[in-house]
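Here's the letter readout for the chains.
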Amino acid sequence: MFMKKMTTGVLAFSMIFASTWAGSAEALTPEGTKMIARVTGATPAGETMPNPNQTHINYDVGGTDLGIVWDKGGGEYFIAFGDTNDTAGNWNRSNVLAISSDTNLEDGLAFSTMIQSKPGHAKEILPSKKINNDEMTVIPTAGVTVGNRHYIHYMSVNHWGPAGRWYTNYSGIAYSDDNGQNWTKSPSARWYNNTSTWNNPFQMAAFLKDSGFVYMYATPNGRFGDVYLARVPENGLLNIGDYRYWDGSGWSAAQSAARPVAIGVAGEMSVAYNTHFKRYIMTYLNEDRQAIVMRDAATPIGPWSGEKILVPGDFTGLGQYNAYMHPLSNNGPELYFIMSTWYPDYNTHLMKTTLTPDMLGDNIISDPGFETQRETPVMAPWYVTGEGGLDRQLGNARTGENNGYVRNGSGWNAIKQRVVVQPYTNYTLKGWVRTSSNNTKGHFGVREPVDGAVIKETSFAQLSDYTELTVTFNSGNRSVVELYTGLWANGDTWLQVDDMSLVKDLNLVGHAGFESQSSSSLSSPWYSNGTAGVDRNLGFARTGANNGYARASSGWNAIKQEIFVEPDTEYTLSAWIRTSDNNNDGYFGVRQLGDGPVLSEISFQNIPGYALKTVRFNSGQYHSLEIYAGMWATSDMWIQVDDFSVVKN
């Protein structure tokens, strides 16, 4: 628009950082995505890629999609596919299943066999009615193996809607005890949809087996929902009552308490843990961005990074979706995944990308520097109120090539993005802004979604050069907020914005000061052994109005919380504690979940006034641990605790 391009050494520094990196990465970026081989279907004229499976000849599979891969044990992998047609073009199977023992993916992904109903014909493993507005199809969305039992998460599709939208009756889990030959749909492990609003958030899933649990990341039916999370002990997959739902701070038995862990729009999701980088990776199709994207995080609950482009929308020029990661990718920088295409035919392909550490850190904003925007009217993940858009390669960016802008002669004009936040948590929002000389009413901040009530903002007038603006805020009871940069136009008025960031407070403890506990009984994320609760407005707190306590005449009584950590990492746990005069057997520390073995703790006796207690620990092999403060009571004894903190050293 107006001024000469400004440049920095950020990109060069990122490349140097990637070449010298050792240990766990702060965040990851995919680079050099390419197609390796065909997985299903016949080789079309002119295609030169390997096609090791020749499914049209060997299994009567002319076209299919998805390709959900999981480790079935014994050096083999299951690969589940969706709606399938035969070589004559008949859509006669809702799903098929392959087995592979191929460990060299560089030349393609070869099947050992497919589950067959007769020689040369891949079997439909999960039947469907195939009746529109009843049960049109049954499509697998995830798979996992625990012991000798195999599980598939599937969705029962009621009917298809417009592009990218479909409507499900329910999602459920099927299992096989005979190596995948036969599958039984559990009658109880089901998440029924609301057939008036079609908005149940657990209709499509991705499974992640981790630390004794199976985590189930989920979205509503179709491709336009946010990402939610539940988990269940490995041996409880078919017990619907054993599932616990992430409520933004902890785990709830109520599905209705579920809050998103990542903003959509998300469809056909895959989640894995990469031991090389010590990062969780999430992939899905973002229809609004017209691209397959990935996020990464240090823990299974997040905070998840902003989206990075894995497969751009114009990769094939004709449309593609899903990126189901192969488990062989989980221990190194090379990421292999299966992608579906519509054209030149409806089939699946093996893809490869290289993951490299980036400099985005814990920034949860997608496309924070506007660099992944392409020449398209679709601006997602950014949206505009009033008039605005993107300056692409116009020399107006602070760094890189692109920046966002708004410009108009009147009214409110803003560029904005929705993000997921953890409730009752502190965040810092930053961005670089410059404006026209006549700007008098600019605002930078965070608000309720869709131009809702302002949570926190800072105002600005003329900014003749890029100036960093900062807003710190507490998320309150919210799980989703909208960040924005905008102005009230006064004649032809404009602003430019670049290099946005939103970072969560470093403290890993939720409800750390008990101020957001809603009653005298402990609630998520806190829980207890014995007798414990919350002193609300009783004058016992160290800071604020509330504190936690444990009080009893016998036994072990403690306040506890599960925290999510990075493995093999040093942390410091601290809290302020005071006790009754007769306490002589108190303990403060960190242990494995479920009152497991202690990693590190200190003991304490009588503490007449609040005193800061500190414990240093290494997380070892664990992804989550339990912090606690408690005492062994032999008569009426109590402890009071406040202002917990766990930070990485």
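Calculation criteria
Residues numbered from 1 in each chain as written. Predicted model: local features only at pLDDT ≥ 70, side-chain atom pairs only at ≥ 80, totals over all residues. Heavy atoms only, no water. Helix = DSSP H or I, 4+ residues; strand = E, 2+ residues; numbered from the N terminus. Rg over C-alpha atoms; globule rule 2.2 N^0.38 Å. Buried < 20%, exposed > 50% of the residue type's maximum accessible area, 1.4 Å probe, protein only. Contact = heavy atoms within 4.5 Å. Areas by Shrake-Rupley, 256 points an atom, 1.4 Å probe, with all protein chains shown as cover. Pairing = 2+ DSSP bridges. Core = buried A, V, L, I, M, F, W, Y, C linked by side-chain atoms within 4.5 Å. Phe/Tyr/Trp six-rings, centres within 6.5 Å; stacked < 30°, edge-to-face > 60°. Axes fitted to C-alpha atoms, helices over the stretch in contact; angles between N-to-C directions. Salt bridge = Lys/Arg side-chain N within 4 Å of Asp/Glu carboxyl O. pLDDT = per-residue confidence, 0-100. Lys, Arg positive; Asp, Glu negative; His and termini not counted. Polar contact = N/O pair within 3.5 Å; in protein donor to acceptor, adjacent residues only side chain to side chain.

1. Describing the overall build of the protein chain
Turning to step 1, where the next piece is worked out: Tallying secondary structure elements over the protein chain gives 2 helices and 43 strands in all.
Turning to step 2, where the next piece is worked out: In summary, the protein chain has a C-alpha radius of gyration of 26 Å against a globular reference of 26 Å for 649 residues, a match within 12%.
Turning to step 3, where the next piece is worked out: If one aligns the C-alpha atoms of the protein chain with their principal axes, the spans along those axes are about 80 × 70 × 55 Å.
Turning to step 4, where the next piece is worked out: Going through the 649 residues of the protein chain one by one, you find that 58% of them count as buried.
Turning to step 5, where the next piece is worked out: When contacts within the protein chain are restricted to residue pairs at least 6 apart in sequence, those whose partners lie at least 24 apart make up 63%.
Turning to step 6, where the next piece is worked out: Carbon and sulfur atoms make up 49% of the accessible area of the protein chain, which amounts to about 24,300 Å² in all.

2. Remarks on the sheet that holds strand β5 (residues 113-114)
Turning to step 1, where the next piece is worked out: Spatially, β2-β3-β4-β5 is the arrangement adopted by the 4 strands of the open sheet, whose pairing is antiparallel. In this open sheet, the two strands that pair with only one neighbour each are β2 (66-73) and β5.
Turning to step 2, where the next piece is worked out: Judged from the 2 bridges that link them, strand β4 (residues 96-100) and β5 form a sheet pairing that is antiparallel. Paired with Ile 99 across the two strands is Thr 113, which belongs to β5.

3. Some thoughts on the pairing of strand β26 (residues 402-408)
Turning to step 1, where the next piece is worked out: Across 5 bridges, the pairing between strand β25 (residues 388-392) and β26 is antiparallel. Within the sheet, the bridge partner assigned to Asp 391 lies in β26 and is Asn 403.
Turning to step 2, where the next piece is worked out: Alignment of β26 against strand β33 (residues 493-504), held across 5 bridges, turns out to be antiparallel. By the bridge assignment for β33, Val 406 is matched with Leu 495.

4. Brief notes about the nonpolar core
Turning to step 1, where the next piece is worked out: Of all hydrophobic cores here, the largest spans 40 residues; its most connected members are Trp 70, Leu 97, Leu 126, Trp 183 and Phe 337.
Turning to step 2, where the next piece is worked out: Setting aside residues up to four positions removed in sequence, Leu 126 forms contacts with Ser 94, Asn 95, Val 138, Ile 152, Tyr 154, Ala 174, Trp 183 and Lys 185.
Turning to step 3, where the next piece is worked out: Membership of the second largest hydrophobic core comes to 31 residues, among which are Phe 514, Tyr 571, Val 615 and Ile 627.

5. Remarks on the packing of aromatic side chains
Turning to step 1, where the next piece is worked out: Scanning all chains against the criterion turns up 32 aromatic pairs.
Turning to step 2, where the next piece is worked out: Arranged with centres 5.0 Å apart and planes meeting at 50°, the rings of Trp 91 and Tyr 346 form a pair that is tilted. On the criterion of sequence distance, the pair formed by Trp 91 in the loop between β3 (76-81) and β4 and Tyr 346 in the loop between β22 (334-341) and β23 (347-357) is long-range, its members being 255 residues apart.
Turning to step 3, where the next piece is worked out: Residue classification places Tyr 346 among the buried residues on the basis of a relative accessible area of 11%.
Turning to step 4, where the next piece is worked out: Every member of this aromatic cluster is reached through a ring pair, and the members are Phe 213, Tyr 215, Trp 246, Trp 251 and Phe 564.

6. As for the pairing of strand β14 (residues 225-233)
The side chains of a regular strand alternate between the sheet's two faces.
Turning to step 1, where the next piece is worked out: With respect to burial, β14 is a largely interior element, 8 of its 9 residues being buried.
Turning to step 2, where the next piece is worked out: Linking strand β13 (residues 213-219) back to β14 in an antiparallel pair, the connection comprises 5 residues, with Gly 222 at a positive phi of about 85°.
Turning to step 3, where the next piece is worked out: Across 2 bridges, the pairing between β14 and strand β17 (residues 262-274) is antiparallel. Across the sheet, Val 227 pairs through a bridge with Ala 262, a residue of β17.
Turning to step 4, where the next piece is worked out: Across 2 bridges, the pairing between β14 and strand β15 (residues 244-246) is antiparallel. Across the sheet, the residue bridging to Ala 230 is Tyr 245, located in β15.

7. Digging into the sheet that holds strand β1 (residues 28-38)
Turning to step 1, where the next piece is worked out: Pairing is antiparallel in the open sheet, where 4 strands are placed in the order β1-β23-β22-β21. The open sheet has two edge strands, β1 and β21 (320-325), and neither has a second partner. Adjacent strand axes in the sheet meet at a mean angle of 30°, parallel and antiparallel pairs treated alike.
Turning to step 2, where the next piece is worked out: With 8 bridges connecting them, β1 and β23 associate as antiparallel partners. Paired with Lys 34 across the bridge in β23 is Lys 352.

8. Observations regarding unusual backbone geometry
Turning to step 1, where the next piece is worked out: Cis geometry is adopted by the peptide bond preceding Pro 303, which originates at Gly 302 and carries an omega value of 5°.
Turning to step 2, where the next piece is worked out: Structurally, the position occupied by Pro 303 is in the loop between β19 (291-297) and β20 (308-311).
Turning to step 3, where the next piece is worked out: In this structure, Asp 451 takes a positive phi of about 60° despite not being glycine.
Turning to step 4, where the next piece is worked out: Within the secondary structure, Asp 451 is located in the loop between β29 (442-447) and β30 (454-460).
Turning to step 5, where the next piece is worked out: The exposure class assigned to Asp 451 is partly exposed, which follows from its relative accessible area of 33%.
Turning to step 6, where the next piece is worked out: With a phi angle near 55°, Asp 568 is a residue other than glycine that sits in the positive phi range.

9. Concerning the pattern of salt bridges
Turning to step 1, where the next piece is worked out: Enumeration over the complete set of coordinates arrives at 26 salt bridges.
Turning to step 2, where the next piece is worked out: Between Glu 334 and Lys 352 there is a salt bridge, and its shortest N-O distance comes to 3.9 Å. With a gap of 18 residues between them, Glu 334 in strand β22 and Lys 352 in strand β23 connect regions that are remote in the sequence.
Turning to step 3, where the next piece is worked out: You can call Glu 334 partly exposed: its relative accessible area is 28%.
Turning to step 4, where the next piece is worked out: Between Lys 560 and Asp 595 there is a salt bridge, with the nearest N and O atoms lying 3.1 Å from each other. Here Asp 595 lies in the loop between β39 (586-591) and β40 (598-604) and Lys 560 lies in strand β37 (residues 555-564), a separation of 35 residues in the sequence.
Turning to step 5, where the next piece is worked out: You can call Lys 560 buried: its relative accessible area is 5%.
Turning to step 6, where the next piece is worked out: Exposure remark for Asp 595: the relative accessible area of 34% places this residue in the partly exposed category.

10. Focus: the confidence of the model for the protein chain
Turning to step 1, where the next piece is worked out: Per-residue confidence for the protein chain gives a mean pLDDT of 93, with 95% of residues at or over 70.
Turning to step 2, where the next piece is worked out: Per-residue pLDDT stays below 50 along residues 1-24; that stretch engages in 48 contacts with residues further than four places along the chain or on separate chains.

11. Describing the environment of Ser 554
Turning to step 1, where the next piece is worked out: Following the sequence through the fold, Ser 554 ends up in the loop between β36 (546-552) and β37.
Turning to step 2, where the next piece is worked out: Taking the relative accessible area as the measure of exposure, Ser 554 reaches 51% and is therefore exposed.
Turning to step 3, where the next piece is worked out: For the pair Ser 554 and Gly 319, spaced 235 residues apart in sequence, the C-alpha to C-alpha distance is 66 Å.

12. Side note on the side chain of Asp 367
Turning to step 1, where the next piece is worked out: For Asp 367, the location among the structural elements is in the loop between β23 and β24 (383-385).
Turning to step 2, where the next piece is worked out: Buried Asp 367, no salt bridge; nearest opposite-charge side chain is Arg 289, N-O distance 4.2 Å.
Turning to step 3, where the next piece is worked out: Looking at Asp 367, its side chain comes within polar contact range of the main-chain nitrogen of Glu 371, at 2.9 Å.
Turning to step 4, where the next piece is worked out: With residues up to four places along the chain from it excluded, the contact list for Asp 367 reads Arg 289, Glu 307, Thr 372, Gln 373, Pro 381 and Trp 382.

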